[in-house]
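# Descriptive analysis of the structure
Next come the chains, spelled out residue by residue.
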Protein chains: 2
Amino acid sequence: MALRYALLCALHEQPATGYELTQRFKTRLANVWNASHQQVYRELAKLQQEKLLLVEAIEQPNKPDKKRYHTTLAGRSALEHWLGQIQPRPATRDPLLVKLFAGDLLDLAVLHNELEALKKESLAQLEYYRVIEQTYFPNPGTLSRHYRLQYLALRRGILSAEANLNWLAEAEVTLQNLPNVPGRP
Amino acid sequence: MALRYALLCALHEQPATGYELTQRFKTRLANVWNASHQQVYRELAKLQQEKLLLVEAIEQPNKPDKKRYHTTLAGRSALEHWLGQIQPRPATRDPLLVKLFAGDLLDLAVLHNELEALKKESLAQLEYYRVIEQTYFPNPGTLSRHYRLQYLALRRGILSAEANLNWLAEAEVTLQNLPNVPGRP
DNA sequence: CATTATTATGCAACAAGGTGCATAATGTGC
DNA sequence: GCACATTATGCACCTTGTTGCATAATAATG
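Computed from a predicted structure; not experimentally measured.

Here we come to the relation of the copies chain A and chain B. Mapping chain A onto chain B is achieved by rotating through 180 degrees and translating by 0.0 Å along the same axis, at an RMSD of 0.1 Å. What the rotation and shift describe, once combined, is the action of a two-fold rotation axis. Scanning chain A for the C-alpha nearest the rotation axis identifies A163 of chain A, at a separation of 3.1 Å. The share of interface residues of chain A whose copies in chain B are also at the interface is 100%, consistent with both copies meeting through the same surface.

This is the structure we're talking about:
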């Protein structure tokens, strides 16, 4: 149920097309919410039908119109209602951690590769977030309420990526010192 | 697709009933994988039908039989095949972070409550993990491969909870110094 | 002794998310 | 000039997860 509110939020901030929203989910909102373009278009159509959004057709020379979505008054109050309730925490479901419970069936070389992939990903994320931090939030204390809240979301991404990397460092040490004999107790 | 492998993993470690598996998801596997009892029973039935699991009927005086599930050879090789592939990272979808993009529509008092709830939850988790750490893993270097890998999963829970709390501390400072005027730029 | 919690199992309907495929235009590189 | 990437939109089907409901026994609590 929350995808619709992520869309309403994003469109309240700045009207956009389905394509642009998909891009935002891949970049600025990457550590906040994810959705495929198919999911975005489907939900936008539904929200429009429910009159929580309305469409502005953008003419393009020699191309079909672009559809830019805006929130309606009903859309904003639906969003406000949702914002007013405490939302349940997302459930954790991490296949990498599941693997750690496979005991003797787990191949350490594969695990190592998977940890390396996560490390690479986390480092890339962290670097990306740091660039945004220094470019857009060099002095967060001077920002408006609006941007200070968004900065908090960015900080969350940074702290999560750092926590990942700290854990990965521990994991690497563990793997290096691991007796390759299974042996239960 | 990963629920089935979480179940196969758990049952490879220790045969169990649907009920017991549900309990494990709520406790020992809380930071690893989540599933409701309905989902667990449904998937167990499916896995049994596909002959990846088999059932042992446990007689109980004056009660219907308990059904304890075991992995089959086919089950173990299906699990091994899954373990051999690098699994994609779970997508992040956090309604709390979505709210930070709602700008002027967001009520700070509600946000504060939500942060407090997360703090309480994270503290409780951390305390729980720490007890397990000190009870079951007082000297991780001496443990078998099997338990050292499980210890890694626990460490992940601990580092995540700590990262949450660090972020919450930052968030509280931000909220306290926030100009309550919206004002975009 | 009635009520509630815990153990133990499941079905049915629905919502949310993922996968595959399709189309159409422009721009880019070889 | 042809293949591929990017911008831009969507449908249909399938899997996964959630919600509501149901049953039945024992244990604990007042």
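This is not the end of the story, as more comes after the structure.
All names here are of chain A. Domain annotation for chain A reports domain 1 (3-83) and domain 2 (95-176). Computed from C-alpha coordinates alone, the two centres of domain 1 and domain 2 are separated by 28 Å. Contact residues are listed per partner, giving five residues for domain 1 and six residues for domain 2. Looking at the side of domain 1 facing domain 2, the largest losses of area belong to E13, T27 and N31, adding up to 75% of the total buried there. Inspection of the region where domain 1 meets domain 2 yields zero salt bridges. Taken together, the residues of the side of domain 1 that touches domain 2 break down into one nonpolar, two polar and two charged.

Next up on the list: the protein's contact with DNA strand C. Residues in close proximity to DNA strand C total 17 residues, the closest being M1 and R42 of chain A together with Y19, Q38 and K67 of chain B. For DNA strand C, the fraction of atoms within 4 Å of the protein that belong to sugar or phosphate moieties is 57%. In the model, a phosphate oxygen of DNA strand C is placed 3.1 Å from a nitrogen or oxygen of the Y41 of chain B side chain.

As a further point, take the packing of aromatic side chains. Applying the stated criterion to the full structure yields six aromatic pairs over all chains. With a centroid separation of 5.1 Å and an interplanar angle of 40 degrees, the aromatic rings of F137 of chain A and Y151 of chain A are classed as tilted. Of this pair, F137 of chain A sits in the loop between α6 (108-136) and α7 (145-176) while Y151 of chain A sits in helix α7, and the two are 14 residues apart along the sequence. Judged on exposure class, the residue F137 of chain A and its partner Y151 of chain A are both buried. Measuring from centroid to centroid gives 4.9 Å for Y5 of chain B and W82 of chain B, while their planes differ by 5 degrees, and the two rings are stacked. Of the two residues, Y5 of chain B sits in helix α1 (residues 2-13) while W82 of chain B sits in helix α4 (residues 73-83), which places them 77 residues apart along the sequence. This pair shows no difference in class: Y5 of chain B is buried, exactly as W82 of chain B is. Positioned above the aromatic ring of W82 of chain A, the side-chain terminus of K99 of chain B is 5.7 Å from the ring centre. Just above the ring of W167 of chain A sits the side chain of R156 of chain B; from NZ or CZ to the centre is 5.3 Å.

This part takes up the pattern of salt bridges. All names here are of chain A. Under the definition given, this model contains 22 salt bridges over all chains. Note that E50 is salt-bridged to R4, the shortest N-O span being 2.7 Å. Of the two residues, E50 sits in the loop between α3 (37-49) and β1 (53-60) while R4 sits in helix α1 (residues 3-13), which places them 46 residues apart along the sequence. On the basis of relative accessible area, E50 is assigned to the partly exposed category, the value being 39%.

The rules behind each value
Residues numbered from 1 in each chain as written. Chains lettered and ligands numbered in written order. Predicted model: local features only at pLDDT ≥ 70, side-chain atom pairs only at ≥ 80, totals over all residues. Heavy atoms only, no water. Least-squares fit on C-alpha atoms with pLDDT ≥ 70 in both. Contact = heavy atoms within 4.5 Å. Domains from an automatic or database assignment. Buried area = accessible area lost by both parts, 1.4 Å probe. Salt bridge = Lys/Arg side-chain N within 4 Å of Asp/Glu carboxyl O. Nonpolar A, V, L, I, M, F, W, Y, C, P; charged D, E, K, R; others polar. Near = heavy atom within 4 Å. Polar contact = N/O pair within 3.5 Å; in protein donor to acceptor, adjacent residues only side chain to side chain. Phe/Tyr/Trp six-rings, centres within 6.5 Å; stacked < 30°, edge-to-face > 60°. Helix = DSSP H or I, 4+ residues; strand = E, 2+ residues; numbered from the N terminus. Buried < 20%, exposed > 50% of the residue type's maximum accessible area, 1.4 Å probe, protein only. Lys NZ or Arg CZ within 6 Å of the ring centre and 35° of its normal.

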